[in-house]
Amino acid sequence: MSVREEAVDAYREALPALSASLVGGLLAGVVLGGMRAELGGVEGLLVLVPALLATRGNVYGSLGARIATALHQGFVEPSVGLADERLRAAVAASLANGLLASLFAATAVFAVLTLLGGSPSLPSLLGIAFVAGLLSGVALTVVVISVVFAGYRRGYDPDTLVGPLVTTTGDVFGVLFLLIAVRIVVGLGGG
Amino acid sequence: MHTAWTVRDITRAMLPVLLLLTLVEVGSGLVLGSFEDDLLYYPSLLVLVPVTIGTAGNLGSVLAARLSTAFHLGTLSFSPRDARLAGNAVATVLLAATTFPIIGAGAWGLTALTGTTRLELTTVLLVSVTSGLELAVLAVLVTVVATYAAYRLELDPDDVVIPVVTNTCDVLGVVVLYLSVRLFV
């Protein structure tokens, strides 16, 4: 194919998913915009936001990409669900790594802000990171597996679906469960 | 070449990179923290944050996923004359030119609907479109370099390239947004 044909092909394939993720990103932004009281109230929360959102994208994007490549190579069937042992291992690894990275991010934010002369609360940041990581992890696993399999069965290229799907749902679920986590942790007196 | 599908092997392939990227994201959080007052005062800018860094990451990750599969299937060469490479790069910039005006207008409109914007529509558009076009060019550079590096280091691009690209684009997204805000607001 020529450069022009390749460009048209890539553009056409990416635009629908990118538009969906744009809507998701704006929704996430509106939730974040509505969290201004919490952001102002919990020191370090805004600093933690990119790390938490990115962890969702990293872990579940990698899970999705792994499944997409395996589907392309005919090495995973798009209908096995969680009965497949390898798929279960991939999901368990994603959840564990996602939680570890979230707790690590909270600790790093605490350490840096403390060094810079702030006084953030480590239990609050850890609690928020853990609750948000767990809730969004479970939700994202379900979404990634079901959408990639359903898309593949209908003839969509799973590669084009995975990135935007994960960043969209990752952002929306990420911010939404972050808000829920903040409310829970602050409600328990950790804030 | 392929990581086996066990918790241990996936963790061994993923966790070191993941923790490193998390530190990078904390850095981008600190940039965000440095203009927290502006973000909390101008809600339309706060609304722009997830969608700008998300779209930048998406542009990079779509490109990375396509290059990565082409690479697995053996249909990619890393030459500037490679039509697949060039076509995908052009498409990335065009996608940014299509989406970022909508992002700016959307962020402004949604903020106007849910409260006060405190900024003109044109200012928010200027911030989002300038950031978007810069980010598209940066996303192409980062993706091509990362895919090429994975190829040279014999790493599985699925494990390495997409995370590296998405996170670099996140950080660049925050930095570019910060610079645009300093310039136009």
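Everything numeric in this text was worked out from a predicted model, so none of it was measured. (Residues numbered from 1 in each chain as written. Chains lettered and ligands numbered in written order. Predicted model: local features only at pLDDT ≥ 70, side-chain atom pairs only at ≥ 80, totals over all residues.)

Trainee: How would you explain the overall build of chain B if you had to name every residue and give the values?
Mentor: The helix and strand tally for chain B stands at six helices and zero strands. When the helices and strands of chain B are read in sequence order from the N terminus, they spell out α-α-α-α-α-α. With respect to the three principal axes, the spread of C-alpha positions in chain B is 55 × 40 × 25 Å. Counting every position in chain B, which comprises 185 residues, the buried fraction comes to 54%. (Helix = DSSP H or I, 4+ residues; strand = E, 2+ residues; numbered from the N terminus. Buried ≥ 20, exposed ≤ 12 C-beta atoms within 10 Å, placed from the backbone.)

Trainee: Break down the packing of helix H4 (residues 83-114) of chain B against helix H5 (residues 121-152) of chain B for me, with residues and values.
Mentor: The description of two helices packed together rests on the angle between their axes and the distance between the axes. Residue and element names in this part refer to chain B. Interhelical geometry of H4 versus H5 gives an angle of 155° and a closest axis separation of 8 Å. Considering the angle they form, H4 stands roughly antiparallel to H5. Both H4 and H5 take part in a crossing whose hand is right-handed. Across the contact of H4 with H5, the residue classes tally to 21 nonpolar, five polar and no charged. (Axes fitted to C-alpha atoms, helices over the stretch in contact; angles between N-to-C directions. Parallel < 35°, antiparallel > 145°, perpendicular 65-115°, else oblique. Left-handed = near helix turned anticlockwise from the far one by under 90°. Nonpolar A, V, L, I, M, F, W, Y, C, P; charged D, E, K, R; others polar.)

Trainee: How would you sum up the environment of Phe110 of chain A? Please name residues and give values.
Mentor: Residues and elements named next belong to chain A. One can find Phe110 in helix H4 (residues 85-115). As a C-alpha pair, Phe110 and Val172 span 62 residues in sequence and 25 Å in three-dimensional space. Apart from the residues within four sequence positions on either side, Phe110 is in contact with Gly44, Pro120, Leu122 and Leu125. (Contact = placed C-beta atoms within 7 Å.)

Trainee: Help me get a handle on the environment of Thr167 of chain A, residues and values and all.
Mentor: Among the secondary structure elements, Thr167 of chain A is positioned in helix H6 (residues 158-187). Discounting residues that sit within four places of it in the chain, Thr167 of chain A has contacts with Ser21 and Gly57 of chain A together with Gly54, Gly57, Asn58 and Ser61 of chain B.

Trainee: Summarise unusual backbone geometry; cite the residues concerned and give the values.
Mentor: The phi dihedral of Glu154 of chain B is positive, around 55°, even though this residue is not glycine. Tracing the backbone shows Glu154 of chain B in the loop between H5 and helix H6 (157-184).

Trainee: Describe the confidence of the model for chain B, naming the residues involved and giving the relevant values.
Mentor: Averaged over every residue, the pLDDT of chain B is 88; the share at 70 or more is 97%. This complex was scored by the predictor with a pTM of 0.84 and an ipTM of 0.86. (pLDDT = per-residue confidence, 0-100.)

Trainee: An account of the interface of chain B and chain A is requested, with residue identities and associated values reported.
Mentor: Contact with chain B, which involves 64 residues of that partner, is made by 63 residues of chain A. At 18 residues, helix H3 (residues 43-72) of chain B tops the list of elements feeding residues into the side of chain B that touches chain A. A per-class count over the side of chain B that touches chain A returns 36 nonpolar, 21 polar and seven charged.

Trainee: A description of the packing of helix H3 (residues 45-72) of chain A against helix H1 (residues 7-34) of chain B should follow, citing residues and the corresponding values.
Mentor: Where H3 of chain A meets H1 of chain B, the axes come as close as 7 Å, and the angle between the chain directions of the two elements is 150°. For the element pair H3 of chain A / H1 of chain B, the angle class is roughly antiparallel. Seen from above, H3 of chain A lies across H1 of chain B with right-handed handedness. For the pair H3 of chain A and H1 of chain B, contact is made by Leu46, Val47, Leu48, Val49, Pro50, Ala51, Ala54, Thr55, Asn58, Val59 and Ser62 of chain A and by Met14, Leu18, Leu21, Thr22, Glu25, Val26, Ser28, Gly29, Leu30, Leu32 and Gly33 of chain B, respectively.

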